[in-house]
Amino acid sequence: MNMQFNNRDPVYVQVVRHFKNQIAKGFLEPGQAIPSRRELANQIKINPNTAQRAYKEMEEEALIKTEKNQPSRVTSDEKVLQNLREELVGQAVNDFVTSVKSINVPLDDALNLVKRKYEKGDSND
Amino acid sequence: MIEVKDLVKNYGRKKVLDGVSFTADKGEITCLIGVNGVGKTTILNSIMKLTPFKGEILVDGEKVRKNTFEKITFIPDSTTMIPSFTIDEAMDFMNDYYEAWNQGRADDLLKFFNLKREEKISSLSKGNTAKVNLLLGLALDVDYILMDEPFSGIDIFSREQIAEVFTTHLIEDRGVIITTHEIHDIEHLIDKVVLLDEGTIYKEFSTEEIRETEGKSVVDVMREVYRG
């Protein structure tokens, strides 16, 4: 696992964001075991208390499940996964709209550009 | 918990610390930050009773006494071990001297730092000297660890390796107070910052909280103080 952190967002928020992306992209599959808190802290070089906080947050959002003496696992709950995808798409659209609006691109032009780009499939991702 | 209350220290007529108070919890890494000469090392020396001071210091609610030092280890920024010793001999020495010495943990640390037992203290590079210092301190089964400038004057790869210690079981659940001005190396590893300026505490804050509530990095806060 490789993560780049910025210094101005809480690290736990960045960790949660990273996991959300991994899950939405299918790199982490439903039911898949994830590292323990300490393993994660060690792998990505963050404070173990911060790793703990990130896992707690993900448990509260039902993204992961932890049963006694078992590794934490990615949820298999289809509804949670669907909500997650919607959340991430919503965020991406928000970011897009904000930056397009700020340079005064008319909506139709922007949509056409999106369509062309999407069909060509040559985004950088 | 280590509680420092209203610590005052003068060197001659010069006031170095002018009423410094803060706490450092077990299971947390507390970082004392400040420019050179701000009194960071003096604070650690005061906790260890290596220097006289005014004020009060409590460890787990009790005044520092002789047996308090079974709970605390102080890792200085320069070697205090006998130079002609090999690392092995240094470990034997620690074993004879300290009841809290944990050879298993020392062996883990040797491996972690890639150090050779038969190497002489006097022939170690700066980076490896810092690692041996850490090894000798961290191998003690104590609740609190004080580290004075563990990153000072060593190469980036040694610094990385030392920073990695903080995420392992070698620190686990212990209380750490660390002084540094190389905050970049450990920005994501520390729980709390005590920022010193002109003998007093400018700000004491949780690193995650300041990012969350003010969108600031530790360096941002430092810049406010030192650049005005």
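Here's a quick rundown of the structure. (Residues numbered from 1 in each chain as written. Chains lettered and ligands numbered in written order. Predicted model: local features only at pLDDT ≥ 70, side-chain atom pairs only at ≥ 80, totals over all residues. Heavy atoms only, no water.)

One can find Thr-167 of chain B in the loop between helix 5 (156-165) and strand 8 (175-180). Among the residues examined, Thr-167 of chain B registers a relative accessible area of 1% and is labelled buried. A polar side-chain atom of Thr-167 of chain B sits 2.7 Å from a polar atom in the side chain of Asn-42 of chain A. For Thr-167 of chain B, the residues in contact, after removing those within four places along its chain, are Arg-38, Ala-41, Asn-42, Lys-45, Ile-46 and Pro-48 of chain A together with Leu-189 of chain B. (Helix = DSSP H or I, 4+ residues; strand = E, 2+ residues; numbered from the N terminus. Buried < 20%, exposed > 50% of the residue type's maximum accessible area, 1.4 Å probe, protein only. Polar contact = N/O pair within 3.5 Å; in protein donor to acceptor, adjacent residues only side chain to side chain. Contact = heavy atoms within 4.5 Å.)

Take the interface of chain B and chain A next. Taken together, the contact pairs 22 residues of chain B with 19 residues of chain A. If you sort the residues of chain B by the area they bury against chain A, Thr-167, His-188 and Glu-208 of chain B come out on top, with a joint share of 40%. Where chain B packs against chain A, one counts 4 salt bridges. A salt bridge links Arg-53 of chain A to Glu-212 of chain B; its shortest N-O distance comes to 3.6 Å. (Buried area = accessible area lost by both parts, 1.4 Å probe. Salt bridge = Lys/Arg side-chain N within 4 Å of Asp/Glu carboxyl O.)

Now for the pairing of strand 6 (residues 72-75) of chain B. Residue and element names in this part refer to chain B. Burial along strand 6 is two-sided: Ile-72 and Phe-74 and Thr-73 and Ile-75, pointing in opposite directions, are all buried. As judged from the 4 bridges shared by strand 6 and strand 7 (residues 144-148), these two strands associate in the parallel manner. The residue bridging Ile-75 from the neighbouring strand is Met-147, located in strand 7. (Pairing = 2+ DSSP bridges.)

So, on to the layout of surface pockets. Residues and elements named next belong to chain B. Here the largest pocket defines a volume of roughly 780 Å³. Taken together, 24 residues form the lining of the largest pocket, with Thr-73, Phe-74, Met-94, Tyr-98 and Leu-140 sitting closest to its centre. Put simply, the parts of the chain that give the lining of the largest pocket at least two residues each are strand 6, helix 2 (87-97) and helix 4 (126-138). Considering every element that reaches the lining of the largest pocket, the biggest residue donor is strand 6, with 4 residues. Classifying every residue of the lining of the largest pocket gives 17 nonpolar, 4 polar and 3 charged. (1 Å grid on protein atoms, 1.4 Å probe; cavity = no way out; pocket = protein on both sides within 12 Å on 5 of 7 lines; lining within 4 Å. Points joined across faces, edges and corners; volume = space filled by probe spheres on them. Nonpolar A, V, L, I, M, F, W, Y, C, P; charged D, E, K, R; others polar.)

We now examine the packing of helix 4 of chain B against helix 5 of chain B. Residues and elements named next belong to chain B. Where helix 4 meets helix 5, the closest approach of the two axes is 10 Å, and the angle between their N-to-C directions is 15 degrees. Considering their axes alone, helix 4 and helix 5 lie roughly parallel with respect to each other. With respect to the hand of their crossing, helix 4 and helix 5 are arranged in left-handed fashion. Residues Gly-127, Ala-130, Lys-131, Leu-134 and Leu-138 of helix 4 pack against Ser-158, Gln-161, Ile-162 and Val-165 of helix 5. (Axes fitted to C-alpha atoms, helices over the stretch in contact; angles between N-to-C directions. Parallel < 35°, antiparallel > 145°, perpendicular 65-115°, else oblique. Left-handed = near helix turned anticlockwise from the far one by under 90°.)

The next subject is the sheet that holds strand 1 (residues 2-11) of chain B. Residues and elements named next belong to chain B. With respect to topology, 4 strands assemble into an open sheet ordered 2-1-4-5, the strand pairing being antiparallel. Taken across any chain shown, the strands that pair with only one partner, and hence form the sheet edges, are strand 2 (14-24) and strand 5 (62-63). Of the strands in this sheet, strand 1, strand 2 and strand 4 (54-59) touch helix 1 (residues 40-47), which is tilted by about 115 degrees from strand 1.

A separate point is the environment of Lys-120 of chain B. All names here are of chain B. Position of Lys-120 relative to the elements: it lies in the loop between helix 3 (103-113) and helix 4. Overall, Lys-120 belongs to the partly exposed group, its relative accessible area being 41%. In this structure the C-alpha to C-alpha distance between Lys-120 and Arg-227, which are 107 residues apart in sequence, comes to 43 Å. Not counting residues up to four positions away in its chain, the partners in contact with Lys-120 are Ser-84, Phe-85 and Thr-86.

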